[in-house]
Amino acid sequence: PVATLFAWTGALRKRGELDGIQALVDFSDKLEAATIATIEGGVMTKDLVGLWEGETPAKGVNSLDFLKAIRAKLEEG
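Note that the coordinates shown come from a computational prediction; the quantities given were computed from them, not determined experimentally. (Residues numbered from 1 in each chain as written. Predicted model: local features only at pLDDT ≥ 70, side-chain atom pairs only at ≥ 80, totals over all residues. Heavy atoms only, no water.)

Visitor: Provide a residue-level description of the overall build of the chain, including the pertinent values.
Guide: Looking only at helices and strands, the chain features 4 helices and 2 strands. For the chain, the sequential pattern of α-helices and β-strands runs α-α-β-α-β-α. In terms of principal-axis extent, the alpha carbons of the chain reach across some 40 × 25 × 20 Å. When burial is assessed residue by residue, the chain has 23% of its 77 residues classed as buried. Put simply, 41% of the contacts in the chain that link residues at least 6 apart link residues at least 24 apart. Here the chain displays about 5100 Å² of accessible surface, and carbon together with sulfur accounts for 58% of that area. Positive and negative charge centroids in the chain, built from 9 and 12 side chains respectively, lie 6 Å apart. (Helix = DSSP H or I, 4+ residues; strand = E, 2+ residues; numbered from the N terminus. Buried < 20%, exposed > 50% of the residue type's maximum accessible area, 1.4 Å probe, protein only. Contact = heavy atoms within 4.5 Å. Areas by Shrake-Rupley, 256 points an atom, 1.4 Å probe, with all protein chains shown as cover. Lys, Arg positive; Asp, Glu negative; His and termini not counted. Charge placed at Lys NZ, Arg CZ, Asp CG, Glu CD.)

Pasting the structure below:
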């Protein structure tokens, strides 16, 4: 999900830049930041748990729960 999500945010950002839609560029940046914050907070899909070297214990979740956690981060800030 992370690679797909970043592919979409990259495409959305570029579209925003080409069309002069700053809100779309900003949303892409916020979504990427929320994704990184979610992972750094220890919530990630199970495929990433084995690669995790952070201080926070990793919690492996399914894709839907990962997206819900990212959404919660977006709503926080």
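There is more to say, and it comes next.
Visitor: Help me get a handle on the packing of helix α1 (residues 2-19) against helix α2 (residues 22-40), residues and values and all.
Guide: It is the contact of α1 with α2, at a shortest axis distance of 7 Å, that shows an interaxial angle of 160 degrees. With respect to each other, α1 and α2 are oriented roughly antiparallel. Pair α1 / α2 crosses with left-handed handedness. Facing α1, whose interface residues are V2, L5, F6, T9, G10, L12, R13, R15, G16 and E17, α2 presents L24, V25, S28, D29, L31, E32, T35, I36 and I39. Residues of the contact of α1 with α2, tallied by class, amount to 9 nonpolar, 5 polar and 5 charged. (Axes fitted to C-alpha atoms, helices over the stretch in contact; angles between N-to-C directions. Parallel < 35°, antiparallel > 145°, perpendicular 65-115°, else oblique. Left-handed = near helix turned anticlockwise from the far one by under 90°. Nonpolar A, V, L, I, M, F, W, Y, C, P; charged D, E, K, R; others polar.)

Visitor: Go over the packing of α2 against helix α4 (residues 63-76) with me, naming the residues and quoting the values.
Guide: Relative to each other, α2 and α4 sit at 115 degrees, their axes nearing to 8 Å. The two elements α2 and α4 cross, and the hand of that crossing is right-handed. Together, F27, K30, L31, A34, T35, A37, T38 and I39 of α2 and F66, A69, I70, K73 and L74 of α4 make up the contact between the two elements. Partitioning the contact of α2 with α4 into residue classes produces 9 nonpolar, 2 polar and 2 charged.

Visitor: Describe the side chain of E32, with residues and values.
Guide: By the secondary structure assignment, E32 is in helix α2. Of the polar contacts made by the side chain of E32, one reaches the side chain of T9; its length is 2.6 Å. Excluding anything up to four places from it in sequence, E32 contacts F6, T9, G10 and R13. (Polar contact = N/O pair within 3.5 Å; in protein donor to acceptor, adjacent residues only side chain to side chain.)

Visitor: I'd like to hear about α2, residue by residue, with values.
Guide: The end-to-end C-alpha separation of α2 is 27 Å, in line with the 27 Å expected for 19 residues at 1.5 Å each. Among all positions of α2, only V25, S28, L31, E32, A34, T35, T38 and I39 are buried. Looking at the packing, one finds that the buried side of α2 touches α1, β1 (43-45), α3 (46-49) and α4. (Expected span 1.5 Å × (residues − 1).)

Visitor: Just give me the short version of the pattern of salt bridges, but keep the residues and values in it.
Guide: Enumeration according to the criterion identifies 5 salt bridges in this entry. A salt bridge links R13 to D29, with the shortest nitrogen-to-oxygen separation between them at 2.9 Å. Here R13 is found in helix α1, whereas its partner D29 is found in helix α2, with 16 residues between them in sequence. On the basis of relative accessibility, which here comes to 17%, the residue R13 falls in the buried class. (Salt bridge = Lys/Arg side-chain N within 4 Å of Asp/Glu carboxyl O.)

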